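# Structure at a glance
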Amino acid sequence: MNRRTLIIAEAGVNHNGSLALAKQLIDVAAEAGADFVKFQTFTADRLVTRTAPKANYQNQRTDNAESQYEMLRSLELSPELHRELIAHCRTRGIGFLSTGFDIASIDLLMALGIKQVKIPSGEITNLPYLRHIGGLNKTVILSTGMATLNEIEAAIDVLEHAGTPRSTITVLHCTTEYPAPMTEVNLRAMQSIQAALGVSVGYSDHTSGIEVAIAAVALGASIIEKHFTLDRNLPGPDHKASLEPAELKAMVNAIRNIELALGDGTKRPTPSEEKNKAIVRKSLMASREIKAGDIFSADNIITKRPGSGISPMRWDEIIGQKAPRDFAADELIEL
């Protein structure tokens, strides 16, 4: 059976604080065929101090005079906006997810009926937050940008000891830079995480383009998360490192094709190949006229297409035998 990858279209904060824009993002994700559209749930007061600096990529794409606190305040989604977005997802037939960046935000999402908890990379060392999530006993998706293997293991241990089984945790390999340089993707680390920690794995992609996400599926990712936007030229911190609608659809389609192409791993002729076997394989043929009683030898037998006769793999068996009848040149050898 072909494995189906869970595709999360990461709207994040690309709604720019606008409900109308957020609904448009949901529409785009649904039309692209994503399984979930994901937002971010936080309040600036609980997330950052008023003097916390912005990352370089945020400074490049937002007002430099605006603090990280002020930037985040403009991107908050109220509980009521969450309800409207969840309802819109329901009408469009796509799942709603959001990353809660603090305990109160996680509790809000649980109160709204969200079944999965997405832990962002920045919270992987937040012990009380992890312990609280572990006690909820929900399906957990854990992003691991900037983390070492030991830090990932420590976070999983906290979740497990708080009550969440390892079997319900999926760890997403991630490079926390926007966009992430190809030389720093280290996609094989996803497989190393799986081998070392015995967890399901996926990939949260911050690279430009769609090829790395597709490669991650081929390497075993069970979840793909990818930022998208309506327009990369919109103001805001994450638009430049996001896919536009046509690219998101192309990524989803490519992933679904890769799932089909991966197959079940058993090497055998496929139904479409069977009709070609006799065309492209070879058989034992008479290379010249052979009389009944002549001895088959390398001088009078050759291998040629079509492959509807005796297989050339029986060459040694046939050589030295007597021809049972006359054969014309280019006639299939029969015994």
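Our subject in this report is the structure included herewith. Being a predicted model, the structure only gives us computed values, none of them experimental.

Before going further, it helps to examine the pairing of strand S5 (residues 139–143). The buried fraction of S5 is high, at 4 of 5 residues. When strand S4 (residues 116–119) meets S5, the two strands line up parallel, connected through 4 bridges. Opposite Lys118, over in S5, you have Ile141 as the bridge partner. Each parallel crossover has a hand, and for S4 linked through helix H7 (residues 127–134) to S5 it is right-handed. Both S5 and strand S6 (residues 169–174) contribute to a ladder of 4 bridges, which runs parallel. Paired with Val140 across the two strands is Ile169, which belongs to S6.

Counting residues in each nonpolar core, the largest one holds 67 residues, and the members touching the most others are Val37, Phe39, Ile119, Ile224 and Phe228. Examining the composition of this core, we find that 6 residues originate from one element, helix H1 (residues 19–32), more than from any other. When neighbours within four sequence positions are excluded, Ile119 is seen to be in contact with Tyr129, Leu130, Ile133, Val140, Ile141, Leu142, Ser143 and Leu159.

Moving on, we come to the packing of aromatic side chains. Each aromatic ring pair is specified by the distance between its two centres and by the angle formed by the two planes. A full pass over the atoms with the stated rule returns 3 aromatic pairs. Taking 5.8 Å as the distance between ring centres and 20° as the angle between the ring planes, the aromatic pair formed by Phe39 and Phe96 counts as stacked. Of this pair, Phe39 sits in strand S2 (residues 36–41) while Phe96 sits in strand S3 (residues 95–100), placing them 57 residues apart in sequence. Take Phe39 and Phe96: they sit in the same class, and that class is buried.

With that settled, consider unusual backbone geometry. Geometrically, the link from Tyr178 to Pro179 is a cis peptide bond, its omega value of -5° lying close to zero. Residue placement: Pro179 occurs in the loop between S6 and helix H9 (188–197). One non-glycine residue with positive phi stands out, namely Asn137, at about 55°. Among the secondary structure elements, Asn137 is positioned in the loop between H7 and S5.

Calculation criteria
Residues numbered from 1 in each chain as written. Predicted model: local features only at pLDDT ≥ 70, side-chain atom pairs only at ≥ 80, totals over all residues. Heavy atoms only, no water. Buried < 20%, exposed > 50% of the residue type's maximum accessible area, 1.4 Å probe, protein only. Helix = DSSP H or I, 4+ residues; strand = E, 2+ residues; numbered from the N terminus. Pairing = 2+ DSSP bridges. Right-handed = clockwise from strand over helix to strand, strands pointing away. Core = buried A, V, L, I, M, F, W, Y, C linked by side-chain atoms within 4.5 Å. Contact = heavy atoms within 4.5 Å. Phe/Tyr/Trp six-rings, centres within 6.5 Å; stacked < 30°, edge-to-face > 60°.

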